[in-house]
Protein chains: 2
Amino acid sequence: MKFNINRPAFIKYITDVQRAISSRTTIPVLTGIKMVADKTGLMLSGSDSDISIEIFIPIEDESNDLEIIKEGGIVLPARIFNDIVRKMSDEKLTIEVGDNLQTHITSANAAFKINSIDVESYPNFPTIDSNEVISLPTNLFKQVIQHTVIATSTQESRPILTGVNITIENGTLKAVATDSHRLSQRIIPINIPESLSENSYKVIIPGKSLIELSRIVEDQDTIDMMVTENQVLFKAENLYFYSRLLEGYYPDTNRLIPTTSSTNLVMNAADLLQATDRASLLSHEGKNNVVKLSISDEKVELSGNSPEIGTVREDLQYQEANGDPLVISFNPDYLKDALRTFGHQDVMVSFTAPIRPFTVVPVDNHTDIEQAFIQLITPVRTY
Amino acid sequence: MKFNINRPAFIKYITDVQRAISSRTTIPVLTGIKMVADKTGLMLSGSDSDISIEIFIPIEDESNDLEIIKEGGIVLPARIFNDIVRKMSDEKLTIEVGDNLQTHITSANAAFKINSIDVESYPNFPTIDSNEVISLPTNLFKQVIQHTVIATSTQESRPILTGVNITIENGTLKAVATDSHRLSQRIIPINIPESLSENSYKVIIPGKSLIELSRIVEDQDTIDMMVTENQVLFKAENLYFYSRLLEGYYPDTNRLIPTTSSTNLVMNAADLLQATDRASLLSHEGKNNVVKLSISDEKVELSGNSPEIGTVREDLQYQEANGDPLVISFNPDYLKDALRTFGHQDVMVSFTAPIRPFTVVPVDNHTDIEQAFIQLITPVRTY
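Starting afresh in each chain, residues are numbered from 1 along the sequence in its written order. Lettering for chains starts from A, numbering for ligands starts from 1, and both go in the order in which the items are written. Selection of residues for local features in this predicted model requires a pLDDT of at least 70, selection of side-chain atom pairs for listing and counting requires 80 or more, and totals for whole chains, interfaces and linings are taken over all residues. Only heavy atoms go into the side-chain values, all of them from the structure, while hydrogens and water stay out.

Caption draft 1: Fine view of the overall build of chain A. In terms of helices and strands, chain A carries 6 helices and 26 strands. Along the longest, intermediate and shortest principal axes, the C-alpha atoms of chain A span 80 × 55 × 35 Å. Within chain A, buried positions represent 52% of all 383 residues. Contacts are assigned to residue pairs with any non-hydrogen atoms lying within 4.5 Å of each other. When contacts within chain A are restricted to residue pairs at least 6 apart in sequence, long-range pairs at least 24 apart make up 67% of them. Split by element, the accessible area of chain A, about 18,100 Å² in all, is 45% carbon and sulfur. Within this scheme the basic residues Lys and Arg register as positive and the acidic residues Asp and Glu register as negative, but His and the chain ends are omitted. Note on charges: their place is set at NZ of Lys, CZ of Arg, CG of Asp or CD of Glu. The centroid of the 33 positive side-chain charges in chain A is displaced by 7 Å from the centroid of its 51 negative side-chain charges. By definition, any uninterrupted DSSP run of H or I lasting at least four residues is a helix, any uninterrupted run of E lasting at least two residues is a strand, and each is numbered from the N terminus. For every residue, the accessible area (1.4 Å probe, protein chains only) is compared with the maximum for its type, and the residue is labelled buried under 20%, exposed over 50%, or partly exposed between those bounds. Using a 1.4 Å probe, the Shrake-Rupley method yields the accessible areas, and only the shown protein chains count as cover for residues.

And the structure:
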């Protein structure tokens, strides 16, 4: 194998592939980046066996100055390879596999010879049947990811909750995540081809995979999704992103979302976020990490305290507060995560009782779909 | 005590004072920031007992909107106080000491009450006799710090080597640091008042103190230095920076610096830095962290290797190479630190033998002072 390539362009590609590569894998060959050159272009692959990423650099795309001089393939240690490519000084980079599985990396006057691994020992990625292709609107789907992964669990005690539960049916994609203390739900309309319109797809995708996907996928119109029993493939231009699926039953979350409320607060999400951030300064110092919201006819007050440090209280500036007076305590970090997903929008916070979950939804839903965007938080019982 | 102040301006001041405050001190009151308001202004103090910083905010400086409503003083927990002030939302901040040593911090609708410490329990800073004041050119002295602290030791086995040895006499300031593997020396001319011109001052200032000083002192013409037996005070406008001195005898470093050379290499410091950085990619992977420089009549080659990963070699692009052929091995990190102090200047690297220290000096010294700027590195014996 031998090729020349534009070094700055190449850095971006290998950095993207490296997102899938972990240095802590138990399979040594997976610490490497796989490169295969043929006359159509160069394929780069990386995997940690949960996520696999393939990027194809076609020979036609002139911005890469890719010149395949000899076909072939090799696996190089990914971390040091990335460092080497970054620290070269010239625009042009040449990579050539020499004798004894040594790869020559040269740019300007610097020449590295790196011990490499035979490409045949790299595991094959799953083949995914591509008859059923669902096209997702890229930017909207990236939003769905950002708005729901915050509620995935980071604890492996209930592995199923580390994923986002995605259901595609009747022209919508519904994403739900919950760590059992809070829940995020987002529903978006999607276009499904006529031939698949009767089908329904239910997959639980690891939150980590979705976060990496949203980082790597460029802003483009659509991204294609293909599902098999235990794998999902997202395909964008020249990018193949594979993730394993989580197996098991995701809890029924529909019954968790309250449909009525007895107290409502409407205010700007960014303002409420800032106030909650201030209150959490003191709750973080205490053992319980709980802040208190009091809604009365006169005012809406948020307060926090730490026996050692002191107290904080703040009159919130709201647009509207109605319903029964209420005092409720909760983990401020859950509310902060939830509020960040709304940016500077106005939100409605709806309560039923001090021991019942409360919800945060945008005042303006921008859609006819019911419960299209909900953040739900379970309060903390403080007595 | 009660005062109002412009919050953005105040954030800068308390952040500067906090540089001296450690959360890991064994003296609880030193985790606090001391504030004393009188009719002339507000004094902020912080200390970790090695470094003490005082910043005075005069009432006349209108950019701070400082309004002293009631004189007095208090000590507040520094870290959380800084967080609170940062996370407020209004321009205006009010601080008032209430009953039971509780301090009220208010801005817009948010009100914190923070448990505080009686100002009387805060230790006094040393009084420093100010008859002998030496004025240092601020920017040049900050350069001296940056160019020498790199060679201070970080190991406490020989505490004296964690400092920079500063000698002021005959109209010059000489700064030397060495960790016994490398040495940095910088000499600058300074103006000494007639009355002190016969004096000489020798102090060993902890490298950490100098780094903090160079971070905090604003770009201004001069900074005043005053020395007592075990303390040094640097005084700029409204800033008092105290550091303890290291006690003991600093080794005589003059005899370490070679005065002759048998091989010389002239090249751009930035180019040599990049090449050394590349070579160190592989030396870092091995046990020894050593790279090899070979100077022959035909070429100058830098190489590095790691038995596991591979090898790198590079023909250096130099301006001039003369003298005896030479092969020398050294720790690339020492050379990288040294080269960074020269920016994009051309440097002369001078060798006497493979087992003798070599020096790096700027080709253009910009001064008549001999040995005004020297970086010295001890090679590694590899046979």
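There's more to say after this.
Caption draft 2: Structural view of helix α5 (residues 269-283) of chain B. All names here are of chain B. Every helix has an expected span of 1.5 Å times one less than the residues it contains. Here α5 contains 15 residues, and its C-alpha end-to-end distance of 20 Å stays within 8% of the 21 Å for a straight helix at 1.5 Å per residue. Most of α5 sits out of view: 13 of its 15 residues are buried. What qualifies as a polar contact is a pair of N or O atoms within 3.5 Å, subject to a donor-acceptor requirement within protein and to the restriction that residues adjacent in sequence count only when both atoms come from side chains. If you check the start of α5, you find a side-chain oxygen 2.9 Å away from the backbone N of A270, and it comes from N268.

Caption draft 3: Representation of the side chain of N264 of chain B within the structure. Residue and element names in this part refer to chain B. Mapped onto the secondary structure, N264 falls in strand β18 (residues 263-268). At 2.7 Å, the side chain of N264 and the side chain of S350 are in polar contact. If near-sequence neighbours (up to four positions away) are discounted, N264 is found in contact with E320, A321, N322, M348, V349 and S350.

Caption draft 4: Fine view of the relation of the copies chain B and chain A. It takes a turn of 180 degrees to lay chain B on chain A, together with a shift of 0.0 Å along the axis; the resulting RMSD is 0.0 Å. What we have between these two chains is a two-fold relation. Among all C-alpha atoms of chain B, that of R24 of chain B lies closest to the rotation axis, at 16 Å. When the interface residues of chain B are mapped onto chain A, 100% of them are again interface residues, pointing to one common binding face. A least-squares fit on C-alpha atoms brings the copies together, and the residues used are those whose pLDDT is at least 70 in both copies.

Caption draft 5: Representation of the environment of K142 of chain A. Residues and elements named next belong to chain A. Relative to the assigned elements, K142 resides in helix α3 (residues 138-148). Residue K142 is classed as buried on the basis of its relative accessible area, which comes to 14%. Through-space distance from the C-alpha of K142 to that of S214 is 5.4 Å; in sequence the pair is 72 residues apart. Residues within four places of K142 in sequence aside, it is in contact with S214, V217, E218 and D219.

Caption draft 6: View of the sheet that holds strand β25 (residues 358-362) of chain B. Residue and element names in this part refer to chain B. Strands are treated as partners if at least two bridges between them are detected by DSSP. Ordered by their spatial adjacency, 9 strands build an open sheet running β14-β11-β12-β13-β26-β25-β24-β18-β22, and the pairing between neighbours is antiparallel. Looking at strand neighbours, the two that pair on one side only are β14 (201-206) and β22 (320-323), the edges of this open sheet. On average, each strand axis in the sheet is inclined to that of its neighbour by 15 degrees, with strand direction left out of account. Note that strand β11 (residues 163-169) and strand β12 (residues 172-178) share 5 bridges and pair antiparallel. What sits directly across from I168, in β12, is L173. For helices, the fitted line uses only the C-alpha atoms of the stretch in contact; every axis is such a line through C-alpha atoms, and the angle between N-to-C directions lies from 0 to 180 degrees.

Caption draft 7: Region of the structure containing the sheet that holds strand β19 (residues 291-295) of chain A. Strand order in this open sheet of 9 strands is β23(A)-β19(A)-β20(A)-β21(A)-β9(B)-β8(B)-β7(B)-β1(B)-β5(B), and the pairing throughout is antiparallel. Here the strands that pair on one side only, and so sit at the sheet edges, are β23 (326-330) of chain A together with β5 (67-70) of chain B. The sheet shows a mean angle of 15 degrees between the axes of neighbouring strands, direction not considered. Examined bridge by bridge, β19 of chain A and β23 of chain A share 5 bridges and lie antiparallel to one another. Within β23 of chain A, the position partnered with V291 of chain A by the bridge is F330 of chain A. Sheet strands in contact with helix α1 (residues 7-18) of chain B are β1 (2-6), β7 (92-97) and β8 (102-107) of chain B, and its direction is about 100 degrees off that of β1 of chain B.

Caption draft 8: The pairing of strand β19 (residues 291-295) of chain B, seen in detail. Residue and element names in this part refer to chain B. Burial analysis of β19 places 4 of its 5 residues in the buried class, the great majority of the element. In the sheet, β19 pairs with strand β20 (residues 300-306) via 4 bridges, with the strands oriented antiparallel. Looking at β20, one finds that L293 is bridged to L302. The turn linking β19 back onto β20 is made up of 4 residues.

Caption draft 9: The interface of chain B and chain A, seen in detail. Every contact between the two is made by 30 residues of chain B and, on the other side, 30 residues of chain A. For any pair of parts, buried area is found by adding up, for both, the accessible area (1.4 Å probe) each one loses once the two are put together. Overall, the association of chain B and chain A removes approximately 2,600 Å² of surface from exposure, summing both partners, and the carbon and sulfur fraction of that is 53%. Three residues stand out in chain B for area buried against chain A, namely K87, N109 and L281 of chain B, and they jointly supply 22% of the buried area on that side. A carboxyl oxygen of Asp or Glu within 4 Å of a side-chain nitrogen of Lys or Arg is what we treat as a salt bridge. Inspection of the region where chain B meets chain A yields 4 salt bridges. Salt-bridge contacts for D277 of chain A lead to K87 of chain B; the nearest nitrogen and oxygen are separated by 3.2 Å. The interface formed by chain B and chain A includes 17 residue pairs in polar contact (both at pLDDT 80 or more). Those elements giving two or more residues to the side of chain B that touches chain A turn out to be α2 (78-87), β9 (110-115), α5 and β21 (310-315) of chain B. Polar here means any residue outside two lists: the nonpolar Ala, Val, Leu, Ile, Met, Phe, Trp, Tyr, Cys and Pro, and the charged Asp, Glu, Lys and Arg; Gly therefore counts as polar. Classifying every residue of the side of chain B that touches chain A gives 12 nonpolar, 7 polar and 11 charged. Both strand β21 (residues 310-315) of chain A and β9 of chain B contribute to a ladder of 5 bridges, which runs antiparallel. Along β9 of chain B, the bridge assignment pairs G310 of chain A with I114 of chain B.

Caption draft 10: Geometry of the UniProt feature "domain: DNA polymerase III beta sliding clamp C-terminal" (unreviewed entry) in chain A. UniProt positions are given in the numbering used here, feature names are shortened, and annotations may be inferred rather than shown by experiment. As recorded in UniProt, the feature "domain: DNA polymerase III beta sliding clamp C-terminal" (unreviewed entry) lies at residues 255-366 of chain A. Split by type, residues 255-366 of chain A is 21% helix and 39% strand. Its first and last C-alpha atoms lie 24 Å apart.

Caption draft 11: Structural context of unusual backbone geometry. Located in the positive-phi region is N100 of chain A, a residue other than glycine, with phi close to 55 degrees. In this structure, L101 of chain B takes a positive phi of about 55 degrees despite not being glycine. Tracing the chain through its elements places L101 of chain B in the loop between β7 and β8.

Caption draft 12: Structural detail: the packing of helix α5 (residues 269-283) of chain A against α2 of chain B. As a packed pair, α5 of chain A and α2 of chain B sit with axes 10 Å apart at the nearest point and diverge in direction by 170 degrees. With respect to each other, α5 of chain A and α2 of chain B are oriented roughly antiparallel. Facing α5 of chain A, whose interface residues are D277, R278, L281 and L282 of chain A, α2 of chain B presents I80, D83, I84 and K87 of chain B. When its residues are assigned to classes, the contact of α5 of chain A with α2 of chain B shows 4 nonpolar, no polar and 4 charged. Throughout, the term roughly parallel applies to angles under 35 degrees, roughly antiparallel to angles over 145, roughly perpendicular to angles from 65 to 115, and oblique to all others.

Caption draft 13: Quick look at the pattern of salt bridges. Residues and elements named next belong to chain A. Taken as a whole and judged by the stated rule, the model has 36 salt bridges over all chains. As a salt-bridge pair, K2 and E96 come within 3.8 Å of each other at their nearest N and O atoms. Taken together, the residues K2 in strand β1 (residues 2-6) and E96 in strand β7 (residues 92-97) connect sequence positions 94 residues apart. Taking relative accessible area as the criterion, K2 reaches 24% and is therefore assigned partly exposed. For E96, a relative accessible area of 33% puts it in the partly exposed group. Between R278 and E314 there is a salt bridge, and its shortest N-O distance comes to 2.7 Å. Of this pair, R278 sits in helix α5 while E314 sits in strand β21, placing them 36 residues apart in sequence. Classification of E314 as buried rests on a relative accessible area of 8%.

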